[in-house]
Amino acid sequence: MSRIETMRGPIDAGALGRVLIHEHVFLMHMEYTQNYRPDFFGDETAVRAAAKLNALKAAGIDTIVDLTVLGLGRHIPNLAKVAARTDVNIIVSTGAYTFDEVPAPFAFYGPGLLCNAPEPMIAHFVRDIVEGIGGTGIKAGELKCAIDTLGLRPGVERIMRAVARTHAITGVPITVHTAPQTESGLVVQRVLAEEGVNLEDVIIGHCGDTTDIDYLMKLADKGSILGMDRFGINFTITPEQRIRTITDMVHRGYVDHLTLSHDCACWSDFFPTVDAYNAAMPDHHYLHIHQKVLPALLEAGVTHRQIEKMFVDNPRRHFEAAAKRFSTKS
Ligand SMILES: [Zn+2]
């Protein structure tokens, strides 16, 4: 049985239970928060976050994947204060998030640059997975990168290839933030396939932001899992459209390629206060899928068993398949 890294250490893939595959606990521009948001640093922030995760556990969710990587304010000691107060498994991630340039520490450091060296991001990401992050001993269980409407900018491509090469070394699976309106999931699949990644080990994130079934089928036909992962964000697409798209994909036989999530956070400096976040996106919280989406999916004819596939079987396969393939290779 494959062992999956969580903040409490490795667990059997079978113990992941019901998984929200694309979430955050804290989401921030760390430098901004350090200078302008003293409210983040009290114990109260971790206590409130843990209470939200405990409510999620009571609703039946056992595991969340926190996709907060470099560029989104990852800070494991803060997260550890939350993990200590909840039974929800938290899988943390490594990688980098940018729509354009690489993070500044890599601008002059890398192959062919002023400080010429083998790609340092690969060494960083591998260390996060093998040894643990920032001296905490907590190991990353997922890789993450991004591409948005700017397309495959040089910095975006450099990170994507570093993520792919880290995957080849470690067997840890990959989630990519994409912008479906530019069909960037297809670009992701091309680049990762060029790097030898089995596309079954890849979640194409934010697929739920489109109603373009042909595009979604193309991605799924190459083996990837689709992240229907922004429930509660209602300004780009309506909740009804999100639900109709999932129902359509299920009826077309693609239930094995779908996952459900919110992409939300307990605390974020993307809004000036927690109240402002809640006011701007009142449905964007961990319980939204349970409260609103599941009843609507059932009403639309999706079965309980199909919902379990999206919550349990598909995430488990995502983590297990790459690990198994890797262990037979090495
Ligand atoms: Zn996200």
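Structure: see above.
Here is a short report on the structure shown in this document. (Residues numbered from 1 in each chain as written. Predicted model: local features only at pLDDT ≥ 70, side-chain atom pairs only at ≥ 80, totals over all residues. Heavy atoms only, no water.)

### Regarding the overall build of the protein chain
Then, number 1: A tally of helices and strands in the protein chain yields 11 helices and 14 strands.
Then, number 2: Taking 20 Å as the expected radius of gyration for a compact globule of 330 residues, we find that the protein chain reaches 19 Å, a close match to that expectation.
Then, number 3: Projecting the C-alpha coordinates of the protein chain onto the three principal axes gives extents of approximately 60 × 45 × 40 Å.
Then, number 4: A buried classification covers 55% of the 330 residues belonging to the protein chain.
Then, number 5: Expressed as a percentage of contacts within the protein chain between residues at least 6 apart in sequence, the contacts between residues at least 24 apart total 76%.
Then, number 6: Of the roughly 13,700 Å² that the protein chain leaves accessible, carbon and sulfur atoms contribute 54%. (Helix = DSSP H or I, 4+ residues; strand = E, 2+ residues; numbered from the N terminus. Rg over C-alpha atoms; globule rule 2.2 N^0.38 Å. Buried < 20%, exposed > 50% of the residue type's maximum accessible area, 1.4 Å probe, protein only. Contact = heavy atoms within 4.5 Å. Areas by Shrake-Rupley, 256 points an atom, 1.4 Å probe, with all protein chains shown as cover.)

### A short note on the pairing of strand β1 (residues 3-6)
Then, number 1: Of the two faces of β1, only one is covered, namely that formed by Ile4 and Thr6; the face formed by Arg3 and Glu5 stays uncovered.
Then, number 2: For β1 and strand β2 (residues 9-12), the ladder comprises 4 bridges, and the chain directions are antiparallel. Residue pairing for β2: Thr6 is matched across the bridge by Gly9.
Then, number 3: The hairpin turn running from β1 into β2, its antiparallel successor, is 2 residues long. (Pairing = 2+ DSSP bridges.)

### Remarks on empty space enclosed by the protein
Then, number 1: All chains considered together, the criterion is met by 2 cavities of 30 Å³ or more.
Then, number 2: Estimated volume of the largest cavity: approximately 70 Å³.
Then, number 3: Lining the largest cavity are Phe26, Met28, Phe40, Asp66, Thr68, Gly73, Arg74, His75, Asn78 and Leu79.
Then, number 4: Of the residues in the lining of the largest cavity, the class split is 4 nonpolar, 4 polar and 2 charged.
Then, number 5: Taken together, Phe26, Phe40, Phe41, Gly42, Thr45, Ala46, Asn78 and Lys81 make up the full set of residues lining the second largest cavity.
Then, number 6: Elements with a minimum of two residues in the lining of the second largest cavity: α2 (43-58) and α3 (76-83).
Then, number 7: Taken together, the residues that form the lining of the second largest cavity break down as 4 nonpolar, 3 polar and 1 charged. (1 Å grid on protein atoms, 1.4 Å probe; cavity = no way out; pocket = protein on both sides within 12 Å on 5 of 7 lines; lining within 4 Å. Points joined across faces, edges and corners; volume = space filled by probe spheres on them. Nonpolar A, V, L, I, M, F, W, Y, C, P; charged D, E, K, R; others polar.)

### Overview of the sheet that holds strand β12 (residues 225-228)
Then, number 1: The strand order across the open sheet formed by 8 strands is β3-β5-β6-β9-β10-β11-β12-β13, and the pairing between neighbours is parallel. In the strand order of this sheet, the two ends are held by β3 (19-23) and β13 (258-260), each with one partner. Ignoring strand direction, the axes of neighbouring strands in this sheet form an average angle of 25°.
Then, number 2: Here 4 bridges tie strand β5 (residues 63-66) to strand β6 (residues 89-95), and the two strands are oriented parallel to one another. (Axes fitted to C-alpha atoms, helices over the stretch in contact; angles between N-to-C directions.)

### Quick notes on the coordination of the zinc ion
Then, number 1: Distances from the zinc ion to its protein donors, His22 (NE2), His24 (NE2) and Asp263 (OD), fall within 2.1 to 2.3 Å.
Then, number 2: Linear spacing of the donor residues for the zinc ion on their chain is H-x1-H-x238-D. Per residue, the accessibility class of His22 equals that of His24, and both read buried. (Donors = N, O, S within 2.8 Å, 3.2 Å for Na, K, Ca; no water.)

### Examining the pairing of strand β10 (residues 174-177)
Then, number 1: Here β10 shows two buried faces, one formed by Ile174 and Val176 and the other by Thr175 and His177.
Then, number 2: Relative to β10, strand β9 (residues 142-146) runs parallel, the two being bridged by 4 bridges. Along β10, the bridge assignment pairs Leu143 with Ile174.
Then, number 3: Once you follow β9 into helix α5 (residues 154-170) and on to β10, the crossover reads as right-handed.
Then, number 4: Relative to strand β11 (residues 202-205), β10 runs parallel, the two being bridged by 4 bridges. Following the sheet pairing, His177 is matched in β11 by Gly205. (Right-handed = clockwise from strand over helix to strand, strands pointing away.)

### Examining the pattern of salt bridges
Then, number 1: One pass over the full model with this rule turns up 21 salt bridges.
Then, number 2: Across the salt bridge formed by Lys57 and Asp62, the nearest N and O atoms sit 3.1 Å from each other.
Then, number 3: For Lys57, a relative accessible area of 31% corresponds to the partly exposed category.
Then, number 4: Of the charged contacts, one joins Glu119 and Arg158 as a salt bridge, the two residues approaching to 2.6 Å between their closest N and O atoms. One end of the pair, Glu119, is in the loop between β8 (115-116) and α4 (120-130); the other, Arg158, is in helix α5, and 39 residues separate them in sequence.
Then, number 5: A relative accessible area of 19% means that Arg158 is categorised as buried.
Then, number 6: Bridged by salt links that share partners, the residues Glu157, Arg161, Arg165, Arg190, Glu194 and Glu195 form one connected network. (Salt bridge = Lys/Arg side-chain N within 4 Å of Asp/Glu carboxyl O.)

### Concerning the nonpolar core
Then, number 1: Within the largest apolar cluster, 87 residues are counted, with the highest numbers of intra-cluster contacts made by Ile64, Leu192 and Leu260.
Then, number 2: Apart from residues no more than four positions distant in its own chain, Leu260 is found in contact with Val19, Leu20, Ile21, Met228, Phe231, Ile246, Ile289, Leu294, Leu297, Met310 and Phe311.
Then, number 3: Of all hydrophobic cores here, the second largest spans 12 residues; its members include Ile4, Val19, Ile21 and Ile203. (Core = buried A, V, L, I, M, F, W, Y, C linked by side-chain atoms within 4.5 Å.)

### Side note on α2
Then, number 1: Between its terminal C-alpha atoms α2 stretches 23 Å, which fits the 22 Å expected from 16 residues at 1.5 Å a residue.
Then, number 2: Those residues of α2 that fall on the buried side of the exposure criterion are Thr45, Ala46, Ala49, Ala50, Leu53 and Leu56. Seen end-on, α2 carries its buried residues on one side only, within an arc spanning 125°. Exposed and oriented more than 90 degrees from the buried face of α2 are Arg48 and Ala58.
Then, number 3: After α2 finishes, the residue Gly60 shows a positive phi value of roughly 110°. (Expected span 1.5 Å × (residues − 1). Arc of directions from axis to C-beta.)

Purely geometric numbers; function is a separate question.
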